[in-house]
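The chain contents come next:
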Amino acid sequence: MSTHLHARKRAAGIRSRRRLGMIVLSAALTLAATPALAIFSNGGFEQNDFSGWTLSGGTNPGLLGSEPFNSASIQIIPGSAGPATIVGQIADPLAPTIVLPRVGQHTAKLNDEGGGALVTRLVQTDTVSNADIDSSDGLPHIRFAFAPVMDDPAHAPNEQPYFYVSVKNLADNSILFEQFAYSGQPGVNYLNGAGSWKYLEFQNVDVVLPLSAIGQQIELTAIAADCSLGGHGGYVYVDGFGSANVPPPAGAPVITEVPVNQPAILALLALLLGVAAWRGNRARA
Ligand SMILES: [Ca+2]
């Protein structure tokens, strides 16, 4: 082999190593540009299971004290976790206008239609990072969606099925967001489902955190409880936990301008054109 050929082979080797280097560099840049560290693992339940989450629960002896109830009113007699499933594209006959799944292909359903005074609690703790900053306001966000579906047997308020969701900063135990309501609670705009069931459409939650929250641990909790007397069920759908925007629900009524092809608008247009034509005819007469 001539030295000339050796030189050419060496040059080709350098060129191919350079090319490989460029590919590795560009892949690294692509990875760096993706906010892969956004908060909560399997926050959208797209693994089709509860990986990353802790399920617990027990039984509901009834809420403590009197109204207004809050997280301090919740009592759970420790036991096995209540029911928890992942649902896909299903219709919920008890809550006919809820569109499932809420985000992606899978949504979590905590507790179920059955009674037994069961409680299902879902918890995940994670650390807020720079990847959770929303470029629109430069602040970290935690977002998710939930929809409670509960029977309303009209028991005493402390005996009713209930749901609870919260976002807590573990650095100082401050509650950044919480929502509690029992089935049929006055002031909550429940929709009427099948029979005595009440529900809410998916509620989108957007918790804005201060920059000081970066590096701090956030705990998410969602709870769904049957009535404490044992005969009536209640559950809550949750989805989309993370820092990214939760997209608008599919199939939900979106308030927009009235489309021009609506029959009423067409009739009005026809009337106006008719009046204009009549005026035109009079002017010419
Ligand atoms: Ca999902």
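Here, every reference points to the structure presented above.
Residues numbered from 1 in each chain as written. Predicted model: local features only at pLDDT ≥ 70, side-chain atom pairs only at ≥ 80, totals over all residues. Heavy atoms only, no water.

(A) The packing of aromatic side chains, seen in detail. Scanning the model with the defined rule gives 14 aromatic pairs in all. Relative to Phe177, the ring of Phe144 lies with its centre 6.0 Å away and its plane at 80 degrees, an arrangement referred to as edge-to-face. With a gap of 33 residues between them, Phe144 in strand S7 (residues 139–151) and Phe177 in strand S9 (residues 174–182) connect regions that are remote in the sequence. With respect to burial, Phe144 and Phe177 carry one shared label: buried. Measuring from ring centre to ring centre gives 5.5 Å for Tyr235 and Tyr237, while their planes differ by 85 degrees; the resulting arrangement is edge-to-face. Taken individually, Tyr235 and Tyr237 each receive the classification buried, so the pair is uniform in this respect. What links up through ring pairs into an aromatic cluster is the set Phe45, Phe50, Trp53, Phe144, Phe146, Phe163, Phe177 and Phe241. In this structure, Arg102 is placed above the aromatic ring of Phe202, and the distance from its NZ or CZ to the ring centre is 5.7 Å. A cation sits over an aromatic face here: Lys109 above Tyr235, 4.4 Å from the ring centre. (Phe/Tyr/Trp six-rings, centres within 6.5 Å; stacked < 30°, edge-to-face > 60°. Helix = DSSP H or I, 4+ residues; strand = E, 2+ residues; numbered from the N terminus. Buried < 20%, exposed > 50% of the residue type's maximum accessible area, 1.4 Å probe, protein only. Lys NZ or Arg CZ within 6 Å of the ring centre and 35° of its normal.)

(B) Main features of the environment of Lys168. Within the fold, Lys168 resides in strand S8 (residues 162–169). In the structure, Lys168 is positioned 50 residues away from Ile218 in sequence and 5.6 Å away in space, judged by C-alpha atoms. Dropping the residues within four chain positions of it, Lys168 is found in contact with Asn173, Ser174, Ile175, Leu176, Gln217, Ile218 and Glu219. (Contact = heavy atoms within 4.5 Å.)

(C) Structural view of the pattern of salt bridges. Within the structure shown, the criterion is met by four salt bridges. Taking the shortest distance from any N to any O, the salt bridge between Glu113 and Lys109 comes out at 2.8 Å. On the basis of relative accessibility, which here comes to 9%, the residue Lys109 falls in the buried class. One salt-bridge network, held together by shared partners, links Asp134, Arg143 and Asp206. (Salt bridge = Lys/Arg side-chain N within 4 Å of Asp/Glu carboxyl O.)

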